[in-house]
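# Survey of secondary and tertiary structure
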Amino acid sequence: MGGPGCPRALCSYSTAQVVVVRNRHLGTAYRALQLLVLLYFVGYVFIIQKGYQECETSPESSVITKVKGVTESPSKVWDVGEYVAPPEGGSTFSILTRVEVSPAQTLETCPEKLTVHSAACNSDHDCIPGDVDMLGHGEKTGRCVPNAGGTKKSCEILAWCPVDEESVSESLAKMAPQFTILIKNSIHFPRFGFSKGNIQAAESSYLKSCTFNATSALYCPIFKLGFIVEQAGEDFMELAEKGGVIGVIISWNCNLDLPDTECNPHYSFRRLDPKTTLASSGYNYRFAKYYKWNGTHTRVLIKAYGIRIDVIVQGQAGKFSLIPTVINLATALTSVGMGSFLCDWILLSCMNKDQVYSRRKFEQVQPELEGATVPGCDNVSSVQDQPGPTPL
């Protein structure tokens, strides 16, 4: 601390010295590195990634859906009001393809189903009054009663009874592939004030006679359910039997430096739920229909299997901006210098004449100071400006 080295370091000045090394391999490597850097920035950053643009991702979006079609099961005819849930027409909805209908149930007391873990009993002491098993069907009354159809006993419950009757399965898949689904989508990029929708029909009657086609009817977003399932790579009858979730992905990738007509939606379809999972595979849910029969509140419980459609909107927009252009240009020019750094390292560390190169590159000279001298700087070395490159 405070030695003569400290003021000498403060009073030193270094300047670049150009040394020309006539080496074919090193020169080839240097030019190859420069070429790779230029190709990366020109080809990938500026052309593919459009590094000259300001970008906005995740557009604001709205989705409205509407399903049309009629089908039938062995017991009845089903229309849109019965097989579509929920009926509001949002971005997520399901279409029933199979139902399991339980017989009429009334609110009364009956034995709990023996498949419920805490249902089996030997006496009333095994059944705690008011106890509710979350996997069961109702509230225990405190009585242990014989189970229907056997010698075993189970706890009596207050519930919708009977709880152990067999359900009747009915398929709605006969006409389901022909159901049509209208998917109306509008997007907005607030940073650029740009909005567009996937319907651009000149006449209001256009949508009544068209079906989606990626080349000839891109702006007719009416899809058949069978087409969506097929594009997702699924077998319709197998999917209708167990249920599943299909994603309809709408992508808007817009280059706003081009006319608005070049910003178009792209549709893709894929299954979202893992069909290979054995536990709780497919898609199903339960609902009930209530009515009065001879003055008694009665319900029909339905377990519904269906195809759930999730409409997912994504995209990005880009437009020329001076700031990202300048930043990427400066990065490109700086990266070109990486070739010089790497070649200098090879030159000074790996080549057999490294000591010769080191003496030429880091040459130290004694400057002739004019005027007053700075204390501690009389013998400080610095790099001399060269009139031209020094060949080696």
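In case you missed it, the structure is sitting above this.
First things first, this report covers the structure right here in the doc. (Residues numbered from 1 in each chain as written. Predicted model: local features only at pLDDT ≥ 70, side-chain atom pairs only at ≥ 80, totals over all residues. Heavy atoms only, no water.)

## Overview of the nonpolar core
In terms of nonpolar packing, the biggest core is built from 46 residues, with Tyr 83, Leu 225 and Ile 309 touching the most fellow members. Elements that contribute at least two residues to this core include exactly β3 (60–68), β7 (92–101), β12 (180–189), α4 (225–231), α5 (236–242), β15 (244–255), β16 (265–271) and β18 (296–320). It is β18 that contributes the most residues to this core, seven residues altogether. (Core = buried A, V, L, I, M, F, W, Y, C linked by side-chain atoms within 4.5 Å. Buried < 20%, exposed > 50% of the residue type's maximum accessible area, 1.4 Å probe, protein only. Helix = DSSP H or I, 4+ residues; strand = E, 2+ residues; numbered from the N terminus.)

## Re the pattern of salt bridges
According to the stated counting rule, one finds 12 salt bridges in the structure shown. A salt bridge links Glu 82 to Lys 76; its shortest N-O distance comes to 2.4 Å. Of the charged contacts, one joins Arg 98 and Glu 241 as a salt bridge, the two residues approaching to 3.4 Å between their closest N and O atoms. Here Arg 98 is found in strand β7, whereas its partner Glu 241 is found in helix α5, with 143 residues between them in sequence. Because the salt bridges share partners, they merge into one network encompassing Glu 234, Arg 271, Asp 273 and Lys 275. (Salt bridge = Lys/Arg side-chain N within 4 Å of Asp/Glu carboxyl O.)

## Notes on unusual backbone geometry
Omega for the bond connecting Ala 85 with Pro 86 falls within 30 degrees of zero, at -10°, which places this linkage in the cis form. With omega at -5°, the peptide bond leading from Cys 161 into Pro 162 counts as cis. Positionally, Pro 162 belongs in the loop between β10 (153–161) and β11 (168–171). One non-glycine residue, Lys 50, lies in the positive phi region at around 50°. Phi angles above zero are rare outside glycine, and Asn 294 is one such case at about 55°.

## Examining the packing of aromatic side chains
Inspection of the entire model under this criterion finds 13 aromatic pairs. Seen in terms of ring centroids, Tyr 40 and Phe 41 are 5.1 Å apart; in terms of plane orientation they differ by 85°. Their pairing is edge-to-face. Look at Phe 41 and you get buried, because its relative accessible area is 9%. Summarising the aromatic geometry, the rings of Tyr 285 and Phe 287 are spaced 6.2 Å apart at their centres and angled 35° between planes, so their arrangement reads as tilted. Using a relative accessible area of 23% as the deciding quantity, one classes Phe 287 as partly exposed. Through successive ring pairs, a cluster of aromatic residues spans Phe 212, Phe 223, Phe 227, Tyr 267 and Phe 269. The side chain of Lys 76 reaches across the aromatic face of Trp 78, ending 4.4 Å from its centre. Residue placement shows Arg 98 over the ring face of Tyr 305; its charged tip is 4.0 Å from the ring centre. (Phe/Tyr/Trp six-rings, centres within 6.5 Å; stacked < 30°, edge-to-face > 60°. Lys NZ or Arg CZ within 6 Å of the ring centre and 35° of its normal.)

## Digging into empty space enclosed by the protein
With the rule as written, the count across this model stands at one cavity of 30 Å³ or more. In this model, the largest cavity occupies a volume close to 40 Å³. (1 Å grid on protein atoms, 1.4 Å probe; cavity = no way out; pocket = protein on both sides within 12 Å on 5 of 7 lines; lining within 4 Å. Points joined across faces, edges and corners; volume = space filled by probe spheres on them.)

## So, the side chain of Asn 198
If you trace the backbone, Asn 198 turns up in the loop between β13 (194–197) and β14 (222–224). Separated by 2.8 Å, the side chain of Asn 198 and the backbone oxygen of Ile 183 make a polar contact. At 2.8 Å, the side chain of Asn 198 forms a polar contact with the backbone nitrogen of Asn 185. The contact partners of Asn 198, leaving out residues within four places of it in the chain, are Ile 183, Lys 184, Asn 185, Tyr 219, Pro 221, Trp 252, Pro 265 and Tyr 267. (Polar contact = N/O pair within 3.5 Å; in protein donor to acceptor, adjacent residues only side chain to side chain. Contact = heavy atoms within 4.5 Å.)

## Considerations on the state of the cysteines
All chains considered together, the criterion is met by five disulfides. Note that Cys 121 is cross-linked by a disulfide to Cys 144, the S-S spacing being 2.0 Å. Its S-S torsion of about 95° marks the bond between Cys 121 and Cys 144 as right-handed, since a negative value means left-handed. Within this pair, whereas Cys 121 is found in the loop between β8 (105–111) and β9 (139–146), its partner Cys 144 is found in strand β9, the two being separated by 23 residues in sequence. With relative accessibility at 12%, the residue Cys 144 sits in the buried group. The residue that forms a disulfide with Cys 210 is Cys 220, at a sulfur-sulfur distance of 1.9 Å. Linking Cys 210 and Cys 220, the disulfide has an S-S dihedral of approximately 90° and is accordingly described as right-handed. Taken together, the residues span a long stretch of sequence, with Cys 210 in the loop between β13 and β14 and Cys 220 in the loop between β13 and β14 at a distance of 10 residues. For Cys 210, a relative accessible area of 11% corresponds to the buried category. Here Cys 220 falls in the buried class, since its relative accessible area comes to 0%. (Disulfide = S-S within 2.5 Å.)

## Let's talk about the environment of Gly 81
Relative to the elements of secondary structure, Gly 81 occurs in helix α3 (residues 80–83). Residue classification places Gly 81 among the exposed positions, given a relative accessible area of 71%.

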